[in-house]
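Next come the chains, spelled out residue by residue.
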Amino acid sequence: KLFDKMKFSSVALGLLACTAHGFNLIPNFGLKHSPSTAPSTAPSAYNVLVTASAAPTTSLNAATLKKGSDEKTEEAFVPMRPPIDLEWDDIGKQLKESFGYSDKDVEAYSKLSKEELLETYEAMQLARLFENACNQQYMGGKIRGFMHLDNGQESIPALVSDSVRRTDKKYSYYREHTHALASGVDPGAVMAELMMKEGGTCKGAGGSMHIFDPETYFQGGWALVSEQLPYAAGAAKSILQDRVLGLSDGDDFKKRDVAPPKDDDRISVVFIGEGGSQNGRMAEVLNSAAKDNLPLLILVIDNGRAINTFTPDIATNSDVYKQGAHYGVPGILVNGENAEDVVKAGRATVDYVRKNGPAILQVHTYRFNGPPPADPEHERGRKDEKKWARASQDPIKIFEQKFTSEGVVTDEELAAIKKKVQKQVKEAVEFADASPMPPVELAKELEFPDAPDTDYNLKTPPAFAAEVNERTISKEKMDTIQEHIANLRAKSDAGEITIGDAINLAIHEEMLRDPTTTMHAEDLQAGSSYDIPKLTQQTYGQTRAADEIIDEGHFIGKALGEGMNGYRPIVELMNTNFGIYGMAELSSAGNTFATTGGKFDMPMTIIGAGGTAPNQSLGAEHSQPFHAYVMGIPGLKIGTAASPAAAYGITKSMIRDNGPTFLFAPVKMMKEAKGSVDLDKCLPLNKAALLNEASDEAVNGGKAVTVLTYLHGVKEAEISLEAIQEEGLDIDLIELRSLKPLDKETIRKSLARTHKLAILDESTYSGGVGATISAIISEEMFDELDAPVKRLCMDDAPVPYASSMEKAVVKRSSDLIDAVAELVMKQH
């Protein structure tokens, strides 16, 4: 293959630089050499040529220094990363070899009209002049925090403006201003967002790195490198779900029972740098895109710098467009300094994705700015490279020189466009200046899409549920699932349903009630470990119920992309501790509603078995308090369920909530705990449950204690209850079914009776759930306490496997009995 012959590793580039400085250490690999070192001819097979010792323009080919009467000519500047000399014929060969295009197809993409060229120029000038204005506002103190500019890479927004439609989903990273503009987002709203104004795209809640706009389907602006990859894959999956279910977006961006047109060819576009493309998420997304044939364009912006670091210093292969070959995903490389070719190749690649499936488009560029404007850029060669690139690799200057010299456009026409854009940018700045600051109250309003006290029983299902179910679920499958549901309901009536089965029952009822509900899990076809996703794929198909690769971050990320596009994904974690792989995605899910200024709901339910039971014998990694780890994620509602009744009612409510929710169930009680559920009823997501109320006699005698616990602690407390009461003591046993938000009202009411508190906590001494609750009670309910809070928490040491050692780390019923006695008997 033509491009397989190119082997420009970091070592080769280093040797190339040596050669350019007179050390002839490498043979000819099809490189353009200076006359003093170059062989007379280069092999004709190598059609991607790298300019080593001469830039395509003459502005920096030599520098003349005068000292008195002496004149000295310096050698040409040799960039660490030479430009590529890639002609349209070379691009055409890639399109034919990798994408299956014919000569006729390539010819159809080979020309742009004058009007199209002028539109390309306008898109580039809007990007450049807008960001110049951003820099001015930043230096003037009107833009705060981090800001990342795109100067030098304007051919990418030109491509987007030309080929990507309003209804295509777009996911970018933290250098996204120009991508948003090219997608049709209002420049005034973008500038106002950067200037933290209420008129911004996200009401000033997002800032420079978080531009979102529902009307243009511009869905970020994401600040963690590479996190946007699975989100974009989930958005692409939502397009397939629309087609399968026969749904489309209404004017309010909610799903309606109107099928997409038969020729629906929407795509999802994800922007990523070549440095970020080395992230493992890239391989996962390529696998998913190939497996599901997602309409996904991966647009790689290759500026040769991972932040400031020279990418070949840390990556063996920067040819990102070849990464898809292993998965059958074609890729193409284009020269970002040639905006005309970028637009033409972009059209061909986008058309391929619309008709066939995923593809990679890598654009070789140079970025003129550091990551943020104030970055010192001490990395090797960066400052010299910027100076050289501004002079000789500017896509706007190259465009102007080429098309005016060829007589295609005139200087006057270009000047008129520039003047038009300058006016537009000026108006954007004026709009932002005039916009008010957002009110302080907005911050708390953006915490949750649904208020903590929402009654989920009052939420109505989509009117189209019955019609969608009828056309997407066969009679045989519907009969099977209805029989399964009837059997589970019969188990509940008999008091024999398990926690896992109760969650499975709730999931099926909600998936039938609302066909926009989807399912993601590992081992899904087999029902996973506790039957939580049992029969979901067999009933609703692979598009709605996805069996996932073994990486929780990947499928939590895809669920996030679905949730932003009108679906209600459920994610089952086989063990909640595996969610450690998805911390970035969980964090962003919690932030999304607020970061977008409330413009994007984030319905996503995560469910899994976890926690740490006495005698669990699972070792440290499976015994981590992940519920404590995620407590600090803003915007995330966190619940626990130690019984089938709690698991059923909370699951139904979480699925109906418009924000991200996380239900933890006790891993050692999933099949052991049995009981009945309150069928067809949702439970609140902000309430604890009083499981045992201390007798009036014990309260009046000062012999009652409030006990807060959750997960396996509920079982341990119930085991201890008889022994406590035999001693003439008693407890208010409160199950913390909502860790966040915390039900302070129920706790306060109990403390007003007992005035003593013990917390049987399934998390660590440092940074645990009990530590947070203890601090809240000390701050807000101190007057109700007659004794210090007694915390019975896990030790900070990792949980051992051997039960003899585990006793030193994990608290249990015997510890609770001692603690209650100590609180009552000890004088304070």
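Coordinates for the structure precede this section.
Residues numbered from 1 in each chain as written. Predicted model: local features only at pLDDT ≥ 70, side-chain atom pairs only at ≥ 80, totals over all residues. Heavy atoms only, no water.

(A) Expanded view of helix α28 (residues 813-825). Between the first and last C-alpha of α28 there are 18 Å, a value that for 13 residues agrees with the 18 Å anticipated at 1.5 Å per step. Residues S813, L816, A819, V820, L823 and V824 constitute the buried set of α28. Down the axis of α28, the sector holding all buried residues measures 125 degrees, keeping them to one side. Those residues of α28 that are buried are in contact with β25 (704-709), α24 (712-726), β26 (730-735), β28 (757-764) and β29 (790-794). (Helix = DSSP H or I, 4+ residues; strand = E, 2+ residues; numbered from the N terminus. Expected span 1.5 Å × (residues − 1). Buried < 20%, exposed > 50% of the residue type's maximum accessible area, 1.4 Å probe, protein only. Arc of directions from axis to C-beta. Contact = heavy atoms within 4.5 Å.)

(B) Representation of the side chain of S528. For S528, the location among the structural elements is in the loop between β17 (517-521) and α18 (536-540). With near-sequence residues (within four places) excluded, S528 lies in contact with E522, D523, P533, E572 and M574.

(C) Structural view of the sheet that holds strand β22 (residues 660-666). Taken together, the 7 strands give an open sheet; going across it, the order is β18-β17-β19-β20-β22-β21-β27, and neighbouring strands pair in mixed fashion. Edge positions in the sheet fall to β18 (545-547) and β27 (738-740), since each of these pairs with one other strand and no more. On average, adjacent strands in this sheet sit at an angle of 20 degrees to one another, irrespective of strand direction. Packed onto the sheet, helix α17 (residues 499-513) meets β17, β19 (568-573), β20 (604-610) and β22 and runs at close to 140 degrees relative to β17. (Pairing = 2+ DSSP bridges. Axes fitted to C-alpha atoms, helices over the stretch in contact; angles between N-to-C directions.)

(D) Structural view of unusual backbone geometry. Cis peptide bonds are those with omega within 30 degrees of zero, and the linkage from G220 to G221 qualifies with 5 degrees. Mapped onto the fold, G221 is located in the loop between β7 (218-219) and α8 (228-245). Positive phi, normally seen in glycine, also occurs at M196, with a value near 55 degrees. By the element assignment, M196 lies in the loop between α7 (187-194) and β6 (212-213). Non-glycine residue L711 carries a positive phi angle of around 50 degrees. Tracing the backbone through its elements, the reader meets L711 in the loop between β25 and α24.

(E) Representation of the pairing of strand β21 (residues 637-640) in the model. Along β21, one buried face is formed by K637 and G639 and the opposite face, lined by I638 and T640, is buried too. One ladder, built from 4 bridges, connects β21 with β22; its direction is parallel. Within β22, the residue paired with I638 across the bridge is F662. Considered for its hand, the β-α-β crossover made up of β21, helix α22 (residues 644-656) and β22 is right-handed. Relative to β27, β21 runs antiparallel, the two sharing 2 bridges. By the bridge assignment, G639 is partnered in β27 with S738. (Right-handed = clockwise from strand over helix to strand, strands pointing away.)

(F) Focus on the environment of I473. With respect to the helices, strands and loops of the structure, I473 is situated in the loop between α15 (465-472) and α16 (475-493). It is 9.9 Å that separates the C-alpha atoms of I473 and Q538, two residues lying 65 residues apart in sequence. Here I473 is in contact with M478, L512, T539 and Y540, once residues within four sequence places are set aside.

(G) The arrangement of the packing of aromatic side chains in detail. Under the counting rule described, the total for this entry stands at 15 aromatic pairs. Look at F77 and W388: their rings are 6.0 Å apart centre to centre, the planes differ by 45 degrees, and that puts the pair in the tilted class. Taken together, the residues span a long stretch of sequence, with F77 in the loop between β3 (70-73) and β4 (84-85) and W388 in helix α11 (residues 382-392) at a distance of 311 residues. Accessibility expressed as a relative area gives 29% for F77, which makes it partly exposed. Taking the relative accessible area as the measure of exposure, W388 reaches 2% and is therefore buried. Considering the side-chain rings of Y121 and F399, the 5.5 Å spacing of their centres and the 20 degrees angle between planes classify their relative orientation as stacked. One end of the pair, Y121, is in helix α4 (residues 114-139); the other, F399, is in helix α12 (residues 395-405), and 278 residues separate them in sequence. Among the residues examined, Y121 registers a relative accessible area of 1% and is labelled buried. (Phe/Tyr/Trp six-rings, centres within 6.5 Å; stacked < 30°, edge-to-face > 60°.)

(H) Here's a closer look at the packing of α7 against helix α13 (residues 411-434). Two elements in contact, α7 and α13, have axes separated by 8 Å at closest approach and are oriented at 45 degrees. Taken together, the axis directions place α7 and α13 in an arrangement best described as oblique. In the crossing of α7 with α13, the sense of the turn from one axis to the other is right-handed. Residues P187, G188, A189, M191 and A192 of α7 pack against Q424, A428, V429, F431 and A432 of α13. Residues that form the contact of α7 with α13 fall into these classes: 8 nonpolar, 2 polar and no charged. (Parallel < 35°, antiparallel > 145°, perpendicular 65-115°, else oblique. Left-handed = near helix turned anticlockwise from the far one by under 90°. Nonpolar A, V, L, I, M, F, W, Y, C, P; charged D, E, K, R; others polar.)

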